[in-house]
Amino acid sequence: AGVVGQLKFTIVDVRARGETVVLRVELTLHGPESGIDVPGEIAQVFEVADGRIQRVSNFFKWDQALEAAGLSE
């Protein structure tokens, strides 16, 4: 068994502005030894140019990712 265990990602929201895309992702980490599921959330900002990802920035808070992408609520 691996130390990290199984990791499941679910995209729950997507926003775009120009060639910038923001994903809100719920994740669940399953502990292989404990059998416990640990939930979490991340947000990612993808900057795209010419159809290719140029940069990916990761955030632990959705509002921070939106602000970084110029999409504040």
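Summarised in this report is the structure supplied together with it.

**Digging into the nonpolar core**
In this structure, Val-22, Ala-43, Val-45, Phe-59, Trp-62, Ala-65, Leu-66, Ala-69 and Leu-71 together form the largest nonpolar core, which totals nine residues. Every element with two or more residues in this core is listed here: strand E3 (37–49) and helix H1 (62–68). In terms of residue count, the dominant contributor to this core is H1 (three residues). Here Val-45 is in contact with Thr-20, Val-21, Val-22, Arg-55, Val-56, Ser-57, Phe-59, Ala-65 and Ala-69, once residues within four sequence places are set aside. Counting five residues, the second-largest nonpolar core is a separate cluster that includes Val-25, Leu-27, Ile-42 and Phe-46.

**Observations regarding the side chain of Thr-20**
Residue position: Thr-20 is located in strand E2 (residues 20–30). Aside from chain neighbours lying at most four places away, what touches Thr-20 is Arg-15, Val-45, Phe-46, Glu-47 and Ala-69.

**Describing the environment of Glu-41**
Residue position: Glu-41 is located in strand E3. Distance from Glu-41 to Lys-61, taken between C-alpha atoms, is 7.8 Å for residues 20 residues apart in sequence. If we skip the residues at most four places from it in the chain, Glu-41 touches Arg-24, Val-25, Glu-26, Leu-27, Phe-60 and Trp-62. Within polar-contact distance, the side chain of Glu-41 engages the side chain of Arg-24 at 3.2 Å.

**A closer look at the side chain of Gln-44**
Relative to the elements of secondary structure, Gln-44 occurs in strand E3. Looking at Gln-44, the relative accessible area reads 18%, which means it is buried. Gln-44 has contacts with Val-21, Val-22, Leu-23, Val-56, Ser-57 and Asn-58, leaving out every residue within four places of it along the chain.

About the criteria used
- Residues numbered from 1 in each chain as written.
- Predicted model: local features only at pLDDT ≥ 70, side-chain atom pairs only at ≥ 80, totals over all residues.
- Heavy atoms only, no water.
- Core = buried A, V, L, I, M, F, W, Y, C linked by side-chain atoms within 4.5 Å.
- Buried < 20%, exposed > 50% of the residue type's maximum accessible area, 1.4 Å probe, protein only.
- Helix = DSSP H or I, 4+ residues; strand = E, 2+ residues; numbered from the N terminus.
- Contact = heavy atoms within 4.5 Å.
- Polar contact = N/O pair within 3.5 Å; in protein donor to acceptor, adjacent residues only side chain to side chain.

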